Amino acid sequence: MSHAPLAGKSALVTGASRGLGEAVARQLWTAGASLALFARDAAALDAVTLSLPPAAGQSARAFPCDIGDFASLDAAHAAAAAALGDLDVLVNNAAVQGPLGPMETLDFAAWRRVFDVDLFAAARLCQLVVPGMRRRGGGKIVNISGGGATGPRPDVTAYACAKTALVRLGETLAEELRDAGIDVNGVSPGAMNTRMLEETLAAGPAGARREYAAAAERKAKATGVPPDKAAELVVFLASPASDGITGRLLSAVWDDWKSLPDRRDALAMSDVYTLRRITPDDRK
Ligand SMILES: NC(=O)c1ccc[n+]([C@@H]2O[C@H](COP(=O)([O-])OP(=O)(O)OC[C@H]3O[C@@H](n4cnc5c(N)ncnc54)[C@H](OP(=O)(O)O)[C@@H]3O)[C@@H](O)[C@H]2O)c1
């Protein structure tokens, strides 16, 4: 990858006020992109924007909004489009873990609200950016997946279900948008010691019961995956080096994604890195 593979491009990153979204914003900036950054915390968003090193020909703007509130989301997108024009890259990173614990004990309104942020906002942003990407002759959409998207995650039902749907949305849009040169992929960032870890701990052992002890150990031993690892994969999926790689869910920790450009044709013929039903034949 060249040093500035995203020179002249513009990218929208949700949840850029901290954690993985902040790391993604910083790496996209280093890669040459102009940025539209979304999150609720205006002060934190401003701090990220102002701390980016000056770069000729690039601009970074904060658009504070609640993406779970569609009036707020649409207004922020309109302001971003007015400032930056048609976008080349969308990173749907913002998410909430939501209520933790046995499904039957959870407040259902809170359960539903997880979908507003983790799924519906991402879907709405896809709707909003795709026409501009079509005008630009291509684009890149990266959806951040999460624990539970590829297997059951007891006590984390809302988050797991919303993330599973987000991955399927990405696979489906990848097919719809293939001829438009718009690549849509998902990223599994691995277990990171961000605020989500703090939420798991704050919910206590009655929250995400199977994960609580592991989360406490991860925090105590500081063994989480650095957000920069997943941010590097996001930049790859936002860059021309990944053109034609679409409809996949890639792990920043486990997958040899750097070799994918050499395996592009074989990948296109295969269903690896996708969500599929396993049949007895697959296990022979
Ligand atoms: N941490 C992990 O171990 C882990 C593992 C797998 C996947 N992930 C995924 O990685 C992504 C980033 O998570 P993280 O660990 O960096 O979490 P985080 O530190 O909690 O950051 C979440 C980001 O989303 C924003 N956000 C939340 N609700 C929002 C809303 N209604 N409107 C606008 N922005 C909102 C937050 O900003 P404001 O609070 O300022 O709004 C913040 O910038 C998420 O998609 C998560 O599911 C995380």
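Because the structure is predicted, anything quoted here is derived from the model rather than measured.

Calculation criteria
- Residues numbered from 1 in each chain as written.
- Predicted model: local features only at pLDDT ≥ 70, side-chain atom pairs only at ≥ 80, totals over all residues.
- Heavy atoms only, no water.
- Near = heavy atom within 4 Å.
- Polar contact = N/O pair within 3.5 Å; in protein donor to acceptor, adjacent residues only side chain to side chain.
- Helix = DSSP H or I, 4+ residues; strand = E, 2+ residues; numbered from the N terminus.
- Nonpolar A, V, L, I, M, F, W, Y, C, P; charged D, E, K, R; others polar.
- Axes fitted to C-alpha atoms, helices over the stretch in contact; angles between N-to-C directions.
- Parallel < 35°, antiparallel > 145°, perpendicular 65-115°, else oblique.
- Left-handed = near helix turned anticlockwise from the far one by under 90°.
- Contact = heavy atoms within 4.5 Å.
- Salt bridge = Lys/Arg side-chain N within 4 Å of Asp/Glu carboxyl O.
- Buried < 20%, exposed > 50% of the residue type's maximum accessible area, 1.4 Å probe, protein only.
- Arc of directions from axis to C-beta.
- Pairing = 2+ DSSP bridges.
- Right-handed = clockwise from strand over helix to strand, strands pointing away.
- Expected span 1.5 Å × (residues − 1).
- Phe/Tyr/Trp six-rings, centres within 6.5 Å; stacked < 30°, edge-to-face > 60°.

(A) Structural context of the site of the ligand. Surrounding the ligand, one finds 31 residues, the nearest of these being Ser 17, Arg 40, Asn 93, Tyr 159 and Thr 194. A distance of 2.6 Å is found between an oxygen atom of the ligand and a backbone nitrogen or oxygen belonging to Asn 93. A distance of 2.5 Å is found between an oxygen atom of the ligand and a side-chain nitrogen or oxygen belonging to Tyr 159. Mapped onto the shell around the ligand, the elements with two or more residues apiece are helix H1 (19-30), helix H5 (157-176) and helix H6 (195-202). Its residues placed into classes, the shell around the ligand shows 15 nonpolar, nine polar and seven charged.

(B) The arrangement of the packing of H6 against helix H7 (residues 212-221) in detail. Running from N to C, H6 and H7 cross one another at 130°; their axes reach a closest spacing of 9 Å. The orientation of H6 relative to H7 falls into the category oblique. Crossing of H6 against H7: the hand is left-handed. Facing Leu 197, Glu 198, Thr 200 and Leu 201 of H6, the residues of H7 in contact are Tyr 212, Ala 215, Ala 216, Arg 218 and Lys 219. When the residues that make up the contact of H6 with H7 are grouped by side-chain class, the tally is five nonpolar, one polar and three charged.

(C) Seen up close, the side chain of Ser 145. By the element assignment, Ser 145 lies in the loop between strand S5 (139-144) and H5. Sequence-distant contacts of Ser 145, defined by excluding residues within four places in its chain, comprise Tyr 159, Lys 163, Val 167, Val 187, Ser 188, Pro 189 and Leu 249.

(D) View of the pattern of salt bridges. Under the defined criterion, the tally for this structure stands at 15 salt bridges. Glu 175 is the salt-bridge partner of Arg 178, the closest N and O atoms lying 2.8 Å from each other. With its nearest N and O atoms 2.9 Å apart, the salt bridge here joins Asp 281 to Lys 284. Here the salt bridges share partners, and the residues they tie into one network are Lys 140, Asp 183 and Asp 243.

(E) Highlighting helix H2 (residues 42-51). The complete set of buried residues in H2 reads Leu 45, Val 48 and Thr 49. Along the axis of H2, the buried residues cluster in a sector spanning 95°; they form a single face. In H2, the exposed positions that point more than 90 degrees away from the buried face belong to Ala 43 and Leu 50. Tucked inside the fold, the buried residues of H2 contact H1, strand S2 (34-39) and strand S3 (60-64). Between a side-chain oxygen at the N-terminus of H2 and the backbone nitrogen of Ala 43 the separation is 3.2 Å; the capping residue is Asp 41.

(F) Expanded view of the pairing of S5. For S5, the buried fraction is high: six of the six residues fall into the buried class. Taken together, the four bridges between strand S4 (residues 89-92) and S5 define a ladder with parallel strand orientation. Residue Val 89 lies in a different strand from S5, and its bridge partner there is Lys 140. Read from S4 through helix H4 (residues 108-136) to S5, the crossover connection turns out right-handed. As defined by bridge partners, S5 adjoins strand S6 (residues 182-188) across six bridges and the pair is classed as parallel. Paired with Val 142 across the strands is Asn 185, a residue of S6. In the classification by handedness, the crossover that spans S5, the intervening H5 and the parallel S6 is right-handed.

(G) Summary view of helix H3 (residues 70-84). For H3, spanning 15 residues, the distance from its first C-alpha to its last is 20 Å, which sits close to the expected 21 Å at 1.5 Å a residue. Within H3, burial applies to Ser 72, Leu 73, Ala 76, His 77, Ala 80 and Leu 84. Mapping the buried residues of H3 onto a view down its axis gives an arc of 130°, with all of them on the same face. Exposed residues lying more than 90 degrees from the buried face of H3 are Ala 71 and Ala 82. In the core, the buried residues of H3 are packed alongside strand S1 (10-14), S2, S3 and H4. Capping of H3 at its N-terminal end is provided by Asp 69; its side-chain oxygen lies 3.0 Å from the backbone amide nitrogen of Ala 71. Where H3 terminates, the next one or two residues include Gly 85, which has phi positive at roughly 80°.

(H) Local environment of the packing of aromatic side chains. A full pass over the atoms with the stated rule returns five aromatic pairs. Where Phe 108 meets Trp 111, the ring centres are 5.7 Å apart and the plane angle is 15°; that geometry is what we call stacked. In this pair, Phe 108 and Trp 111 are both assigned in helix H4, three residues apart and thus about one turn of the helix distant. Assessed through its relative accessible area of 48%, Phe 108 is described here as partly exposed. Between Trp 111 and Phe 115, the aromatic rings sit 5.4 Å apart at their centres with planes inclined by 25°, giving stacked as the arrangement. On the criterion of helical spacing, the pair formed by Trp 111 and Phe 115 is a turn pair, its members being four residues apart in helix H4. Look at Phe 115 and you get buried, because its relative accessible area is 14%.

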